[in-house]
Amino acid sequence: MELTTRLIIGLSLMSLSHSILAQRQIHYPKPVPDSQALKFLPGVVSVEGIDFNSTFSPDGKSFYFSRSSKGKWEILVSKYENNQWSEPIRAPFSEENYSQADPMFSPDGKLYFISNKPLANEAVNNNFDIWYVEPSTNDGWSAPINLAEVNSDSSEYYISFSANGNLYFGSSRPGGYGGEDIYVSRLVNGKYTAPKNLGPQINSSQSEHDPAVSPDEHTIIFKSENRADGFGQADLYFSTFDSRSGWNRAHNLGPEINTDSYEYCPYFSPEGKYFFFSSQHDVMWIDMQVISKIIGTRGK
């Protein structure tokens, strides 16, 4: 099957991979982007300062993202109410005393994120762990739960899920190829396995994290810093998976996405229609067909 076609098919399965998402409708703001990336919800999500990350709630009526504020990261949520997206407020599980970022929904509706919140037996935590909250009644959330089977004594960053629940993330744990590497922890019988490094076709002596994996795990887009073929401080790269040889050599997504600034936080919209990323201190979005064409052309 042609790579571009397979990518589009894989991304179109996003909504089917989340049974609770299958019937929802996302009310995207106008104008919607085509071949040129636009700021997402300027004045609401993308404002002065640093705004990053993207994830829609299972019902499509809430948009979660991160913002740098007063020396910390916080997770905010904007809700679609009265035919418009509301002024964002701090998510109830985002604690003011700590930094929280990188929100992402799992296929079963839990909301994962990273935080430097210390464990009960710790006074402080100098690293970031992956945590999650479970939905409760009246649009509420459980207390945060630490994903102990995946976390290490180093920092973990940015979560992405495949359709079957496998969890991809970045980590600075020892034994990698560079400052941070990308790992996968597979969901087996309801439990996450020991994380596995994705290898040298994706990871390098530089810093790799912020993965966005397609539902079928055939394509991954991620952030890497200061590579020889880069356009700026950090660029977005992609790799495709071969069932015989594993991940193929990563390619730069090119000038359609990358600039001389810092690109990071890739995210596929739930139905695979748009591609979100962060750049120039804002949340950006672009038509997914642009990404499919890039991968189909440069990924050969």
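Residues numbered from 1 in each chain as written. Predicted model: local features only at pLDDT ≥ 70, side-chain atom pairs only at ≥ 80, totals over all residues. Heavy atoms only, no water.

A. Structural detail: the overall build of the protein chain. Across its full length, the protein chain carries 2 helices and 24 strands. Its C-alpha atoms give the protein chain principal-axis dimensions of roughly 45 × 45 × 40 Å. Split into buried and exposed, the 300 residues of the protein chain put 57% on the buried side. In the protein chain, the proportion of contacts linking residues at least 24 apart, taken out of those at least 6 apart, comes to 48%. As displayed, the protein chain offers around 13,500 Å² of accessible surface, 48% of which is attributable to carbon and sulfur atoms. Positive and negative side-chain charges of the protein chain, numbering 24 and 35 respectively, have mean locations separated by a distance of 4 Å. (Helix = DSSP H or I, 4+ residues; strand = E, 2+ residues; numbered from the N terminus. Buried < 20%, exposed > 50% of the residue type's maximum accessible area, 1.4 Å probe, protein only. Contact = heavy atoms within 4.5 Å. Areas by Shrake-Rupley, 256 points an atom, 1.4 Å probe, with all protein chains shown as cover. Lys, Arg positive; Asp, Glu negative; His and termini not counted. Charge placed at Lys NZ, Arg CZ, Asp CG, Glu CD.)

B. The arrangement of the pairing of strand 17 (residues 208–213) in detail. In terms of burial, strand 17 is largely enclosed, as 6 of its 6 residues are buried. Between the antiparallel neighbours strand 17 and strand 18 (residues 219–225) lie 5 residues, among them Glu217 with a positive phi of about 65°. (Pairing = 2+ DSSP bridges.)

C. Up close: the nonpolar core. Core analysis: the largest hydrophobic core is formed by 37 residues, its most contacted members being Phe40, Phe56, Phe63, Tyr112, Ile130, Leu167 and Phe276. The element that contributes the greatest number of residues to this core is strand 11 (residues 156–161), accounting for 4 residues. Apart from residues lying up to four places away in sequence, Phe63 is in contact with Phe40, Val45, Asn53, Ser54, Thr55, Phe56, Leu76, Val77, Ser78, Trp85, Phe276 and Val283. Counting residues in hydrophobic clusters, the runner-up holds 16 residues, among them Met284, Met288, Ile291 and Ile294. (Core = buried A, V, L, I, M, F, W, Y, C linked by side-chain atoms within 4.5 Å.)

D. Layout of the layout of surface pockets. Each pocket or cavity is described by its volume, and for the largest pocket that value is around 420 Å³. Around the largest pocket sit 21 residues that line it, and Asp59, Ser62, Tyr64, Asp139 and Trp141 are the ones nearest its centre. For the lining of the largest pocket, the secondary-structure elements that each account for two or more residues are strand 3 (62–69) and strand 4 (72–81). With 4 residues, the single largest contributor to the lining of the largest pocket is strand 4. In terms of residue class, the lining of the largest pocket is made up of 10 nonpolar, 5 polar and 6 charged. Counted as a void, the second largest pocket has a volume near 320 Å³. If you go around the second largest pocket, you meet 17 residues; those closest to its centre are Trp73, His209, Asp210, Tyr262 and Tyr264. When contributions to the lining of the second largest pocket are tallied by element, the ones reaching two or more residues are strand 11, strand 17 and strand 22 (264–268). (1 Å grid on protein atoms, 1.4 Å probe; cavity = no way out; pocket = protein on both sides within 12 Å on 5 of 7 lines; lining within 4 Å. Points joined across faces, edges and corners; volume = space filled by probe spheres on them. Nonpolar A, V, L, I, M, F, W, Y, C, P; charged D, E, K, R; others polar.)

E. Region of the structure containing the environment of Gly254. Secondary-structure assignment places Gly254 in the loop between strand 21 (251–252) and strand 22. On a C-alpha basis, the gap between Gly254 and Ile291 in space is 10.0 Å, while along the polypeptide they are 37 residues apart.

F. A look at the sheet that holds strand 12 (residues 167–171). Read across the open sheet, the 4 strands follow the order 11-12-13-16; overall the sheet is antiparallel. Here the strands that pair on one side only, and so sit at the sheet edges, are strand 11 and strand 16 (196–197). Across 2 bridges, strand 13 (residues 181–185) lies against strand 16 in antiparallel orientation. Bridge pairing in strand 16 links Val184 to Lys196.

In short, the description is geometric, and any link to function would need to be established separately.
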